[in-house]
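Here's the letter readout for the chains.
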Amino acid sequence: MRFYLVAILSFTLIGIQGQILTGNVVDSKNNAIQGATLYWMFSSDGTSTSDIGFFRLERKPEHQFLITNFTGYQPDTTEVAPNELYIIIRLQEGLMLQTVNIQAERNSNSFSRLEPLNIESLEKKEFKKAACCSLSESFQTSNAVDVSYSNAVTGTKEIQFLGLRGLYTQFLIENRTAFDGILSTMGYDLIPGTWLDQVNILKGASSALHGSQSMAGAINVQLKKPDTDHPVYLNLFGDLHGRLESNLHLNKKWNDRKASGLYLNATTNASSRDHNEDSFQDEPKVNKVNGLIRNTFYSESFEGQLNAQVLNERRTSGQLNVESPYTIKQDIQHYNAFGNLGYVKFNKELQSLGSLYDVSYSQIDSKFGNRSFKADETRVSAQFFYMHPFKEGKHMLIFGPVFHLNRAHETWDQNKLTYKETTTAAVADYTYRNNIELNNSLTITTSQRLEWLNSDQLLYIPRANFRLLFANDWTARASVGRGYRFPRIFSNQSGLFASAKLWNLESTPEIETSWNTGLNLVGKPYWLGRELVINFDLYYTWFQNQLVVDQDESDSRIYIYGLDGKSYALQSIITLSYPIADRIQLKIGGKFTESKTKFKKGILVNLLIPKYRGLVSIDFESENRKWLCNLTTSYIGKMRLAEKTNIPVHLIHEHQDQSTDYVFMQSQINYTHKAFEFYAGVENILNYTQHEAIIDPENPFGTYFNATEIFAPVSGIKPYLGIKWHL
């Protein structure tokens, strides 16, 4: 039996406890159905089928009915006999007159007990709980990833993860590194929400198979594919602040083995709102066009993809109705060709050969007042993997070579920097399972990556993950590993451009290196007849080399230099999820963070990272599945702000030593009728804003101007409407 390339490129193999049910999902003509979802009734334990329709699913004693869903086919509920280990599920096309209606639902935000790595998954249904116009907005109901604005004028969003900036989280699209380098802080805002099929949040060191940049973790995005997406899909969105967005998907199946898709996104915002009357726009004017072409093909021997993305975005902002205004302009262009190719016609099950390839060119052209920033980067990468099982899959080895070529240039305020990085690497990933099917309680995964940097530096990246299943309902994990990244000194700090501060570059490191270790505990016991999901994470990251950005040494300068001392981030996360009533799901989460770095003035808490955060999210879905409602409330704790020794007191306002804590609330309601879906929502229901977001806005060309210290929304309550339609 052959497996699709995704199996080749997956981080590791799934370990399983207890009885394992395997099988295939096919249509009435026995053709494999890829992407079908399967889950046990009254449980969040589930999976989806591979490209050959195969699935593997843990089964507990209380599991009796297996529910299977796939777009365009009738839902299927199968009663599985207690000792049955393999089944074939045949789905029928079209609608069916129901005589029996059994309701159940898989949790759209799930924590895996089976994966050797600590993976939190966001499914398609989770993206219906908020506007989700981009990937960055898909985390609004997650307790793991935080989203913040980089400054008060460009509206660019950046994530925080495990107590660190998103720079230290590897961004993967279908297992390949994406939007790295000069776009590291912006990439999550450049993938439209309608393109998302699934988002996997990998916490901790994870695997080194797909790169060493996952210093705190990785976010791996699965995009919709033309062979499983709707033939035609349209989404129209608008909010009261003037933002309009449209998405169009056009997919064509040429035959059973070839499919193509065109995915288009357009965004515009022509608003000139200034709610606090400081003369600066609350939100930038935006014009963005984003296009993706996807091609998939399958044969008896080879399977793969060929894709291309083109992006053009312009943001303008600044002062309104003044002479000689301070203006901001930011143009981004991005061109990317990527794909994969795998050979699958081996005699051994799970034996495969695969490759990933990626070529991209990115360009940024910005202006902040009378200062300008320009950057460009060319990236070429190729990866090859061979996967070989031993002893029927009890041992699995994946290994292969990797090549990366990066060329980048940056110019900020007459300071010019050039980056030339050539990397060749060898990577090997080994997985051990103490049992193939029954009682697989222990899984160990080790990754070894050896990289030769610029022909003069050898870097060793070891990683290890351990997973133990115990007491039927519980899983414990531990991980440790090293990571590194190439910084972009100006691009990575582009959120600081909107200020009058001068920049001082001292001795800066060519690479940043760190170690990460952590523990994870997942439990899914039954309480009062319903499944209670408990997830606890504890992760610690410490740096050996780091690019330090010091805003405390001087009120008028930003100092950038290499780390000389300690720098670390400790974060603990607890998330509970429970169906408090029929069709009502409650999720509660809390987070503690300690993130510190050695600056010139000593070891200080890192700026704009809250020590405490909380989340309460409640979902309601009607019995006929036509109505879906969500209300999410987030608590954001106090954050340290930069010292301001010499700034006049009357200019500081909300920029004291610490920010104020606040509550952010949002809600959305969806209604589905045949091929239409209508949705409406409100962001920032409590209308909380950082009213005095800019320091000295009346003198943007003066000494004290600073629009970069943002800890809360800068615009108020935001209602929105949208409609989706598919063929």
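Residues numbered from 1 in each chain as written. Predicted model: local features only at pLDDT ≥ 70, side-chain atom pairs only at ≥ 80, totals over all residues. Heavy atoms only, no water.

1. Topic: the overall build of the protein chain
In terms of regular secondary structure, the protein chain is built from two helices and 44 strands. The C-alpha atoms of the protein chain give 25 Å as radius of gyration, which agrees with the globular expectation for 727 residues (27 Å, within 12%). By residue count, 59% of the 727 residues in the protein chain fall in the buried class. Taking the intrachain contacts of the protein chain between residues at least 6 apart in sequence as the baseline, contacts between residues at least 24 apart amount to 66%. In the form shown here, the protein chain has an accessible surface area of approximately 28,600 Å², with 57% of it arising from carbon and sulfur atoms. Each charge class in the protein chain was averaged separately, 71 positive and 75 negative side chains, and the resulting centres sit 4 Å apart. (Helix = DSSP H or I, 4+ residues; strand = E, 2+ residues; numbered from the N terminus. Rg over C-alpha atoms; globule rule 2.2 N^0.38 Å. Buried < 20%, exposed > 50% of the residue type's maximum accessible area, 1.4 Å probe, protein only. Contact = heavy atoms within 4.5 Å. Areas by Shrake-Rupley, 256 points an atom, 1.4 Å probe, with all protein chains shown as cover. Lys, Arg positive; Asp, Glu negative; His and termini not counted. Charge placed at Lys NZ, Arg CZ, Asp CG, Glu CD.)

2. With respect to the pairing of strand E22 (residues 327–343)
Successive side chains on a regular strand alternate, one facing one side of the sheet and the next facing the other. Bridge analysis of strand E21 (residues 302–318) against E22 gives 17 bridges, and the strand direction is antiparallel. By the bridge assignment, Leu311 is partnered in E22 with His334. Note that E22 and strand E23 (residues 352–368) share 16 bridges and pair antiparallel. Looking across to E23, one finds that His334 is bridged to Ser362. (Pairing = 2+ DSSP bridges.)

3. Here we look at a nonpolar patch on the surface
Where nonpolar side chains cluster on the molecular surface, the patch consists of Leu468, Phe470, Leu519, Leu521, Phe536, Leu538, Ile574, Leu576, Ile588 and Val616 and spans about 730 Å² of accessible area. Only strand E28 (457–470), strand E31 (512–523), strand E34 (533–545) and strand E37 (567–581) provide two or more residues apiece to the nonpolar patch. By secondary structure assignment, the location of Leu538 is in strand E34. (Patch = residues over 30% accessible without salt bridge, like charges linked within 9 Å, V, L, I, M, F, W, Y side chains within 5 Å. Salt bridge = Lys/Arg side-chain N within 4 Å of Asp/Glu carboxyl O.)

4. A closer look at the sheet that holds strand E35 (residues 547–550)
Judged by pairing direction, the sheet is mixed, and its three strands sit side by side in the order E30-E36-E35 without closing on themselves. If you trace the sheet from one side to the other, it starts and ends with strand E30 (502–505) and E35, each paired once. The average undirected angle you get between the axes of adjacent strands in this sheet is 20 degrees. Bridging between E30 and strand E36 (residues 557–562) involves four bridges; their strand directions are parallel. Bridging from a neighbouring strand, Trp503 pairs with Ile558 of E36. (Axes fitted to C-alpha atoms, helices over the stretch in contact; angles between N-to-C directions.)

5. A short note on the nonpolar core
Of all hydrophobic cores here, the largest spans 76 residues; its most connected members are Leu135, Phe139 and Val199. The element contributing the most residues to this core is E36, with four residues. In contact with Phe139, not counting residues within four places along its chain, are Leu122, Val145, Val147, Ile159, Tyr188, Val199, Ile201 and Ile219. In terms of nonpolar packing, the next biggest core, distinct from the first, is built from 15 residues, Val25, Ile33, Leu38 and Tyr73 among them. (Core = buried A, V, L, I, M, F, W, Y, C linked by side-chain atoms within 4.5 Å.)

6. Comments concerning the pattern of salt bridges
Considering all chains together, one arrives at 38 salt bridges under this definition. Among the ionic pairs, Glu677 bridges to Lys128, the shortest N-O distance being 3.7 Å. Here Glu677 is found in strand E43 (residues 676–683), whereas its partner Lys128 is found in the loop between strand E9 (119–122) and strand E10 (145–149), with 549 residues between them in sequence. Of the residues examined, Glu677 reaches a relative accessible area of 10% and is grouped as buried. Under the relative-accessibility criterion, Lys128 is labelled partly exposed at 30%.

7. Topic: the packing of aromatic side chains
According to the stated counting rule, one finds 27 aromatic pairs in the structure shown. Considering the side-chain rings of Phe280 and Phe705, the 5.7 Å spacing of their centres and the 20 degrees angle between planes classify their relative orientation as stacked. Of this pair, Phe280 sits in the loop between strand E19 (258–269) and strand E20 (285–298) while Phe705 sits in the loop between E43 and strand E44 (718–726), and the two are 425 residues apart along the sequence. Taking the relative accessible area as the measure of exposure, Phe280 reaches 1% and is therefore buried. For the pair Phe676 and Phe678, a centre-to-centre distance of 6.1 Å together with 10 degrees between the ring planes defines the contact as stacked. (Phe/Tyr/Trp six-rings, centres within 6.5 Å; stacked < 30°, edge-to-face > 60°.)

8. A look at the side chain of Thr597
Relative to the assigned elements, Thr597 resides in strand E38 (residues 584–599). Each residue touching Thr597, except ones within four places of it in the same chain, is listed here: Gln546, Val548, Leu563, Lys566, Ser567, Gly602, Ile603, Leu604 and Asn606.

9. Some remarks on the sheet that holds strand E11 (residues 157–161)
Taken together, the three strands give an open sheet; going across it, the order is E10-E11-E12, and neighbouring strands pair in antiparallel fashion. Pairing within the sheet leaves two strands with one partner each, and these edge strands are E10 and strand E12 (164–165). As judged from the two bridges shared by E11 and E12, these two strands associate in the antiparallel manner. Within E12, the position partnered with Phe161 by the bridge is Leu164.

10. Quick look at the environment of Ala498
Along the chain, the position of Ala498 falls in the loop between strand E29 (474–485) and E30. Note on Ala498: relative accessible area 0%, which makes it buried. Separated by 171 residues in the primary sequence, Ala498 and Thr327 place their C-alpha atoms 9.9 Å from one another. Once residues within four sequence positions are removed from consideration, Ala498 is found in contact with Val153, Tyr326, Phe368, Phe705, Asn706, Ala707 and Thr708.

11. Here we look at unusual backbone geometry
For Glu174, which is not glycine, the phi torsion reads 50 degrees and is therefore positive. Tracing the chain through its elements places Glu174 in the loop between strand E13 (169–173) and strand E14 (176–177). Unlike most non-glycine residues, Ser279 shows phi in positive territory, near 80 degrees. Along the chain, Ser279 falls in the loop between E19 and E20. A relative accessible area of 16% means that Ser279 is categorised as buried.

12. Regarding the confidence of the model for the protein chain
Per-chain confidence: the protein chain averages 89 in pLDDT, with 94% of residues scoring 70 or above. A low-confidence stretch, residues 1–18 stays under pLDDT 50, and its non-local contacts, those more than four residues away or across chains, total 87 contacts. In the model, residues 95–105 has pLDDT below 50 throughout and makes 18 contacts with residues more than four positions away in sequence or in other chains. (pLDDT = per-residue confidence, 0-100.)

13. Focus: the environment of Asp365
Relative to the helices and strands, Asp365 resides in strand E23. Remark: the alpha-carbon pair of Asp365 and Asp376, spanning eleven residues in sequence, is separated by 8.7 Å.

14. Regarding the side chain of Asp229
Mapped onto the secondary structure, Asp229 falls in the loop between strand E16 (217–223) and strand E17 (232–239). The charged side chain of Asp229 is buried without a salt bridge, its nearest counter-charge being Lys224 at 4.5 Å. Each residue touching Asp229, except ones within four places of it in the same chain, is listed here: Lys224, His249, Asn251 and Tyr263.

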